[in-house]
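Given next are the chains, with one letter for each unit.
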Amino acid sequence: MYEAQRALASPVRNPRMATVIGRLLGAAFLICFGTGLYSHFLQEPLDGMRFATRPEFLYQVTQGTHIIAGIACFPLLLAKLYIVFPELFSFPPVRGLVHLVERASIALFVGASMVQITIGLLNTYQWYPWPFPFRQVHFALGWILIGLLIIHIGVKLPVIARYWNTAPTEADNDHLVDAVSADRAENAEAVRLWGETRPGGMTGRVLNFIDNTPRTASRLSRRGFLTTVGVATTAVVGLTAGQTFTPLNTVNLFGPRKKGVGPQGVPVNRTSEQAKVAESAMAAGWTLTVAVSGTERAFTRAELLALPQTAVTLPIACVEGWSQMAHWRGVRLRDLADLMNADPSTSFRLISLEERGSFSKTQMGREYVRDPLTLVALELNGETLDLEHGYPARMIAPGRPGVLQTKWLRRIEAIES
Ligand SMILES: Nc1nc2c(c(=O)[nH]1)N[C@H]1C(S)=C(S)[C@@H](COP(=O)(O)O)O[C@H]1N2
Ligand SMILES: [Mo]
């Protein structure tokens, strides 16, 4: 065991580096958790929840950030695992109940983190090679991870506090002693081999002596390690963030969607064929039914076009991270609601021609219904709405996830409470 640990000794495998990377990873986790909760509640609001409709690109920013922070977790988590990997070989493997719980919680934390970021990434490519519902599992794992993060920070607080903002020293490698033997009395040999664990203790020098590594080399390799992690993180983020962040669009190599690519210059998520609406959406007899308090009225497309038209610039901001600003024209939902004498406090249900599929029916709180930017859109970027973008009519509202921007509308009904 000690041999294994000695073989794995490296100037970057120390608690200071673990703290440096751990801080970044912790920040990324918190960002993902916060933006994830926001996205979750937008899609599944609790009773009485209301959301900001401005800035209209709010969700574009929160969800873009969610995906970017999630992607950054890959190199950061790998770096963190690289740093603490020798602890796997700590001996004895279990030193009592507390230690058992600590190790089990870390094993769970690492495993759950890997699963979380992996299914999140695959989801952005709309690839679901697993038998469980993505959203519920991603949500539940988010809570579990935050719980485990709190436990992890609690357990490691002494180490974190000690290395939070101290400059690197040769004594950083003292941690190997911690790993080898927290209980020094029982591990006399380890103590003899690795020395004291105090900052400024002998261990760094002992290690360097054993490794025959000059100190400058170890400082260089620390810097090299941080540079590698920095470059890797910048690369994976930089090469995908263009799907959200226009200036990086030209280097969007990994993002599943590209800005400006698709009918009318906007990417398409689900196609009319996938949604099985190609026929019903093109049918000559199409109407949009608006139902409020037992009264229904069916509008043809010509009738909708004859109502006052409003032009807005709003993004499609997909939960998968890509987003795209576009110019829309159509009828304010508020105007339709007023035509039907709906109470201003009414929420609406939006129903698509699409018969199955989780986005075939969505709900919209009154803050969006009353918003002057919320449209039943009939045109996109100066042309009749393309079939793929929801012809004959689709919803477009400020600050909402793409999943709620219902395409191929058939019916809009007030939710009477
Ligand atoms: N009826 C219906 N509307 C839908 C969807 C869908 O699958 N069915 N997908 C949603 C999703 S996930 C997104 S991101 C946007 C994408 O709109 P676009 O394809 O016009 O870019 O449409 C939304 N509207
Ligand atoms: Mo989406």
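Described in the following lines is the structure provided in the data block. Quick caveat: nothing in here was measured; it's all calculated off a predicted structure.

**Comments concerning the pattern of salt bridges**
And step 1. One pass over the full model with this rule turns up 10 salt bridges.
And step 2. Of the charged contacts, one joins E354 and R270 as a salt bridge, the two residues approaching to 2.9 Å between their closest N and O atoms. Taken together, the residues span a long stretch of sequence, with E354 in the loop between β5 (347–352) and β6 (361–364) and R270 in the loop between α9 (215–238) and α10 (278–282) at a distance of 84 residues.
And step 3. Since its relative accessible area comes to 33%, R270 is described here as partly exposed.
And step 4. Here the residues in one salt-bridge network are E296, R349, R411 and E413, joined through shared partners.

**What about helix α4 (residues 97–124)?**
And step 1. Taking 1.5 Å per residue, 28 residues should reach 40 Å; α4 reaches 40 Å between its end C-alpha atoms and fits that length.
And step 2. Within α4, burial applies to H99, S105, F109, A112, S113, Q116, I117, I119, G120, L122, N123 and T124.
And step 3. Along its buried surface, α4 packs onto α2 (15–43), α3 (58–84) and α5 (134–163).
And step 4. Positive phi shows up at Q126, right after α4, with a value of about 55°.

**Digging into the pairing of strand β4 (residues 323–332)**
And step 1. Across eight bridges, strand β3 (residues 310–317) lies against β4 in antiparallel orientation. Bridged to L314 within β4 is A326.
And step 2. Hairpin remark: β3 followed by β4, antiparallel, with five residues in the connecting loop; positive phi at G321, about 105°.
And step 3. Inspection of the sheet shows β4 paired to strand β7 (residues 375–380) by five bridges, in the antiparallel sense. Looking across to β7, one finds that R332 is bridged to L375.

The rules behind the values
- Residues numbered from 1 in each chain as written.
- Chains lettered and ligands numbered in written order.
- Predicted model: local features only at pLDDT ≥ 70, side-chain atom pairs only at ≥ 80, totals over all residues.
- Heavy atoms only, no water.
- Salt bridge = Lys/Arg side-chain N within 4 Å of Asp/Glu carboxyl O.
- Helix = DSSP H or I, 4+ residues; strand = E, 2+ residues; numbered from the N terminus.
- Buried < 20%, exposed > 50% of the residue type's maximum accessible area, 1.4 Å probe, protein only.
- Expected span 1.5 Å × (residues − 1).
- Contact = heavy atoms within 4.5 Å.
- Pairing = 2+ DSSP bridges.

Remember, this is a structural readout, not a statement about activity or role.
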